[in-house]
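A closer look at the structure
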Amino acid sequence: MTIVTRTDFPRKVKEVENFWIPMSDGVKLAARMFIPTDAEKNPVPAVLEYLPYRKRDGTHVRDALTHPYLAGHGYAAIRVDMRGNGDSDGLMQDEYTKQEQDDALEVIAWIARQKWCTGKVGMFGISWGGFNALQVAARKPPAKAQRPRVLVALGWILFAAVLAVVVGAYALSEQVMEEFPIHNNQLQSPATIVVILP
């Protein structure tokens, strides 16, 4: 099977490499976004990936494959460095803290207020991002869909299935695997994958 990185999508995509999301205590969180070019006129739902793994280098290559795919299918795909990580201000005290969740709630509220967003914000993630997506969903932020659809899966290979659900293809098929931008040699480690759809 030949794996091809897909770059032709139903919607044209632009990247905003770095912007800041202000927190109520004055801390600014660094974010990167891929978004349909017409989202200002035709607002889209957003999906958030919220991680400590430095968007500028730690997950840069993977993000440059996954996030444009989501944006090309009608989502604002936003990758945020957690407080005290990457380019974000502040200090991270520990993993999975109330502060981490509080910041995520503020990020979701900020995204929902933007004119390019429909007000619906979902989260997705692998491993840390999956766990914090579940923790934040349990806090029931108002910008989430009234009845969010949640998928939890084990294994990197199922990330393709998660992405297929996000873009509306509800079955994992060989075609999805061929079009999915992650190569087989990168799909090795088990992880928790969570998608909470807007």
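What counts as what
- Residues numbered from 1 in each chain as written.
- Predicted model: local features only at pLDDT ≥ 70, side-chain atom pairs only at ≥ 80, totals over all residues.
- Heavy atoms only, no water.
- Salt bridge = Lys/Arg side-chain N within 4 Å of Asp/Glu carboxyl O.
- Helix = DSSP H or I, 4+ residues; strand = E, 2+ residues; numbered from the N terminus.
- Buried < 20%, exposed > 50% of the residue type's maximum accessible area, 1.4 Å probe, protein only.
- Pairing = 2+ DSSP bridges.
- Phe/Tyr/Trp six-rings, centres within 6.5 Å; stacked < 30°, edge-to-face > 60°.
- Lys NZ or Arg CZ within 6 Å of the ring centre and 35° of its normal.

1. Points about the pattern of salt bridges
Enumeration over the complete set of coordinates arrives at 15 salt bridges. Here arginine 83 ties to aspartate 25 by a salt bridge, and the two come within 2.9 Å at their closest N and O atoms. Here aspartate 25 lies in the loop between strand 1 (13-22) and strand 2 (28-36) and arginine 83 lies in the loop between strand 4 (76-81) and helix 2 (98-113), a separation of 58 residues in the sequence. Overall, the relative accessible area of 9% leaves arginine 83 in the buried class. Residue arginine 56 pairs with aspartate 57 through a salt bridge whose shortest N-O separation is 4.0 Å.

2. Examining the pairing of strand 2
Strand 2 sits mainly inside the fold: eight of its nine residues count as buried. Here strand 1 runs beside strand 2; their pairing, made up of eight bridges, is antiparallel. Looking across to strand 2, one finds that valine 13 is bridged to proline 36. The pairing of strand 2 with strand 4 spans four bridges and is antiparallel.

3. Overview of the packing of aromatic side chains
The geometry of an aromatic ring pair comes down to the distance between the two centres and the angle between the two planes. Evaluation of the coordinates by the stated rule reveals five aromatic pairs. Note on phenylalanine 9 and tyrosine 69: the rings are 5.7 Å apart at their centroids and 85° apart in plane angle, and the pair reads as edge-to-face. Within this pair, whereas phenylalanine 9 is found in the segment before strand 1, its partner tyrosine 69 is found in helix 1 (residues 60-72), the two being separated by 60 residues in sequence. Geometrically, the ring pair formed by phenylalanine 19 and tryptophan 110 is stacked, given 5.7 Å between the ring centres and 25° between the ring planes. Taken together, the positions of phenylalanine 19 in strand 1 and tryptophan 110 in helix 2 put the pair 91 residues apart, joining distant regions of the chain. For the residue pair phenylalanine 19 and tryptophan 110, the accessibility class agrees, reading buried in each case. An aromatic cluster is defined as three or more aromatic residues linked by ring pairs; in this entry it consists of Tyr53, Tyr96, Trp128 and Phe131. Positioned above the aromatic ring of tryptophan 20, the side-chain terminus of lysine 28 is 5.3 Å from the ring centre.

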